[in-house]
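An overview of the molecular structure
Residues per chain are reported as follows:
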Amino acid sequence: MTSDSTARRRILTGVRPTGALHLGHYAGALENWLRLQREYECYFLIADYQVSDYADDLDRVRESVIEVALDWLAVGLDPNDSHYTIESMVPEHAELTTWLSWWVPLGMLQRNPTLKAEMADLEAGKSVPVAFFNYPMMQVANILMPKAHLVPVGDDQLPHIELTREVARRFNRMFERDVFPEPEALVGRVARLVGLDGDAKMSKSRNNAIFLKDDEATVTQKVRGMFTDPTRLRATDPGHVEGNPVFIYHDAFNPNVEEVNDLKERYLVGKVGDVEVKTKLAAALNTFLDPIRERRAYFEAHPSEVREALENGTARARATAQATMAEVRDAMRINYLDRLR
Ligand code: TRP
């Protein structure tokens, strides 16, 4: 047994299984996961309870659970050292959500800015399922389940971490025990990566993403079609570098700083065309993605290793969850049958 002083602090973080992962996921979150995976004990969650917006497309969810696992393996998250977890296969997450929602007033969810924005998006087309309204609560349960200390996420998730801290405090105060630590959030190097079309956020649903699994030709073609500086009509016009998606990507993914600075200097004075900037960007992205593609191809050819990663990780996460639930029941004194001795 490891003593508390040598046990690693814990991370819980997750994604919704709605498709393959893209560069925005990488710069906003995955990169931090990779950097911290040895220092922390990591629970990586595939949050399939959180995709009620795909209720009429469960085939997509079914595929995406595997896609996400493949992407994680491809970027190098070690499934033996961390715990790849399929949320619904640890039903304690649903249980803890139910208990914790006793201590969260409706108004607290109604004020959650991320939920508000997402609801506004949804309401335009269709009605809002109860599950959607409740997903931040579920996320609270996800994070508290392994008693996570740190939650590396994209910046749109910050209100949910704040909610988690609040619920942890309330629970501990209510039952006069330190059951749950108050987790910290950690946002990535690029809090929110712009889309290919210059939209504020790269996302699958906006069709403005470069996926980690895109092949070389696809990446080159997507880069060629990228939005640049709309005020610049020809290569000899002085251009804008700041806020320009091609340069944002160069900064985020091209390790050759000299090349990037040279391009920027020439762009500002109208001495380089978009074509050269984009050709160099495509080359940098392809160099970055190459080893990821290679590992993905390996795991695609070895499905039993993917299965093992998910099965073993989920089993370990379930054991942790059961231990936490025992503590929660004990704190709440709802171990009813213990009275009958
Ligand atoms: N809601 C998160 C997202 O859309 C995914 C997620 C689910 C999550 N459970 C989590 C993130 C717990 C951090 C912690 O990105």
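Below, the structure is looked at part by part. (Residues numbered from 1 in each chain as written. Predicted model: local features only at pLDDT ≥ 70, side-chain atom pairs only at ≥ 80, totals over all residues. Heavy atoms only, no water.)

**What about the site of the ligand?**
Close contacts around the ligand come from 13 residues, with G14, Q50, Q139, N142 and Q157 the closest. Contact distances for the ligand include 2.9 Å between a nitrogen atom and a side-chain N or O atom of Q50. Between the ligand and N142 there is a distance of 2.9 Å, counted from a nitrogen atom to a side-chain nitrogen or oxygen. Compared with its free state, where it exposes 370 Å², the ligand has 88% of that area covered by protein. Tallying contributions element by element places strand β1 (residues 10–15) first for the shell around the ligand, with 4 residues. A class-by-class count of the residues in the shell around the ligand yields 6 nonpolar, 6 polar and 1 charged. (Near = heavy atom within 4 Å. Polar contact = N/O pair within 3.5 Å; in protein donor to acceptor, adjacent residues only side chain to side chain. Areas by Shrake-Rupley, 256 points an atom, 1.4 Å probe, with all protein chains shown as cover. Helix = DSSP H or I, 4+ residues; strand = E, 2+ residues; numbered from the N terminus. Nonpolar A, V, L, I, M, F, W, Y, C, P; charged D, E, K, R; others polar.)

**Topic: the packing of aromatic side chains**
The geometry of two aromatic rings is summed up by the distance between their centres and the angle between their planes. All told, the structure shown has 15 aromatic pairs when counted by the stated rule. When the centroid spacing of 5.7 Å and the interplanar angle of 65 degrees are considered together, the rings of W33 and W72 count as edge-to-face. Of this pair, W33 sits in helix α1 (residues 23–36) while W72 sits in helix α2 (residues 58–75), placing them 39 residues apart in sequence. Each of the two residues, W33 as well as W72, counts as buried. Look at F253 and F288: their rings are 5.1 Å apart centre to centre, the planes differ by 50 degrees, and that puts the pair in the tilted class. (Phe/Tyr/Trp six-rings, centres within 6.5 Å; stacked < 30°, edge-to-face > 60°. Buried < 20%, exposed > 50% of the residue type's maximum accessible area, 1.4 Å probe, protein only.)

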